[in-house]
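A closer look at the structure
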Amino acid sequence: MEQKISVVINTYNAELHLREVLETVKDFDEIVVCDMESTDHTMEIAKGYGCKIVVFPKKNYKIVEPARMFAIQSATYPWVLVVDADELVPRELREYLYKRIAEPDCPQGLYIPRLNRFMNKPIKGRIGDHQLRFFVRQGTTWPTYIHSIPHVEGRVEHIPHLKNVMLVHLNESSLHTIIEKDNRYSDDEVDKRADKHYGLFALFFRPAFYFFKNFIIDADYKNGVNGFIHSSLKAFYQFLLVAKIIEKKEE
């Protein structure tokens, strides 16, 4: 298999961080920007970096997932690295990926660790935040619903935690931003879970489980008060989602 990598970036009004992101991926073999009809300077910035630009009609979409598959299919090379428009790719990660695909036992997909931020600080201890963002293009499909992960034909592995071998998420994730996103994302997820019959038990159990998972298992407690707030918001998202599903059932 040809040892070349296409970087795929989905965008919509992504001018805030796009230059910084493109600087970190400019040494890959190709950069594909799949834009959903931005109205800011996103396209201008992408053209300035010589990116291959394709356009996916925005229509009434509020999430990126419907455009993921089109973006991946627009790539030229057999290996694809999917990067969000607010994520950096350190040199160490790029070097790791090229080294890995040159090895005979390379899997068809790799989960990449990601360093996130919350309330203006890096989140410590997020051992569970691996993203399946690197894979063989042929045979890979990406479902169109919110928070979906790609389906890769073949073996997938997790990249171990190595210094700088990770995606760096620039989004500061202020409380205002998170609450706004939770409301929007939960609206989109209601249809995905239309067959669920949630009740009082789910209203209690799902938030409690997700708080425990984030605060204890994923070590959010290492972030002190910020970690408690972060885990509480994760739990609240589940409460909001279940409540909206119950509301829809009663319409």
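Scroll up to find the structure.
Described below are features of the structure shown in this document. Everything numeric in this text was worked out from a predicted model, so none of it was measured.

Procedures and definitions
Residues numbered from 1 in each chain as written. Predicted model: local features only at pLDDT ≥ 70, side-chain atom pairs only at ≥ 80, totals over all residues. Heavy atoms only, no water. Disulfide = S-S within 2.5 Å. Buried < 20%, exposed > 50% of the residue type's maximum accessible area, 1.4 Å probe, protein only. Helix = DSSP H or I, 4+ residues; strand = E, 2+ residues; numbered from the N terminus. Contact = heavy atoms within 4.5 Å. Polar contact = N/O pair within 3.5 Å; in protein donor to acceptor, adjacent residues only side chain to side chain. Axes fitted to C-alpha atoms, helices over the stretch in contact; angles between N-to-C directions. Left-handed = near helix turned anticlockwise from the far one by under 90°. Core = buried A, V, L, I, M, F, W, Y, C linked by side-chain atoms within 4.5 Å. Expected span 1.5 Å × (residues − 1). Pairing = 2+ DSSP bridges.

Some words on the state of the cysteines
The tally for this structure, following the rule as stated, stands at 0 disulfides. Of the cysteine sulfurs around Cys34, a residue in no disulfide, the closest is that of Cys51, at 12 Å. A relative accessible area of 11% means that Cys51 is categorised as buried.

Considering the environment of Arg193
Along the chain, Arg193 turns up in the loop between α5 (175-192) and α6 (200-217). Once the C-alpha coordinates of Arg193 and Glu30 are considered, the two residues, 163 residues apart in sequence, prove to be 37 Å apart. Other than its neighbours up to four places away in sequence, Arg193 contacts Tyr198, Arg206, Leu241 and Ile245. Within the local environment of Arg193, its side chain forms a polar contact with the side chain of Tyr198, the two groups lying 3.5 Å apart.

What about the environment of Ser148?
The topology assignment puts Ser148 in the loop between β9 (130-136) and β10 (156-158). The exposure class assigned to Ser148 is buried, which follows from its relative accessible area of 7%. Distance from Ser148 to Ile123, taken between C-alpha atoms, is 22 Å for residues 25 residues apart in sequence. Non-local contacts of Ser148, meaning those with residues more than four positions away in its chain, are made with Glu65, Trp142 and Pro143. A polar side-chain atom of Ser148 sits 3.0 Å from the main-chain carbonyl oxygen of Tyr145.

Some words on the packing of α5 against helix α7 (residues 224-249)
At a closest axis distance of 9 Å, the pairing of α5 and α7 adopts a crossing angle of 35°. Seen from above, α5 lies across α7 with right-handed handedness. Between α5 and α7, the contacting residues are Leu175, Ile178, Ile179, Asp182, Asn183, Tyr185, Ser186, Asp187, Glu189, Val190 and Asp191 on the first element and Ile229, Leu233, Tyr237, Leu240, Leu241, Lys244, Ile245 and Lys248 on the second.

Topic: the nonpolar core
Core analysis: the largest hydrophobic core is formed by 33 residues, its most contacted members being Ile9, Leu81, Leu97 and Phe134. Counting residues per element, the ones that place at least two in this core are β1 (5-11), α1 (15-25), β2 (30-35), α2 (42-48), β4 (79-82), α4 (91-101), β6 (109-115) and β9. If sequence neighbours within four positions are ignored, Leu97 has contacts with Ile5, Leu81, Leu110, Phe134 and Ile159. Within the second largest apolar cluster, 18 residues are counted, among which are Val32, Cys34, Met69 and Ala71.

Some points on α5
Helix length check: α5, at 18 residues, gives a terminal C-alpha distance of 26 Å against a target of 26 Å (1.5 Å per residue), a fit within 8%. Restricting attention to buried positions, one finds in α5 the residues Ile178, Asp182, Ser186, Glu189 and Val190. Considering only its buried residues, α5 is in contact with β7 (117-118) and α7.

What to know about the pairing of β4
Of the two faces of β4, both are covered, the one formed by Trp79 and Leu81 as well as the one formed by Val80 and Val82. Sheet topology places β1 next to β4; 4 bridges connect them, and they run parallel. Across the sheet, residue Ser6 finds its bridge partner in β4, namely Val80.

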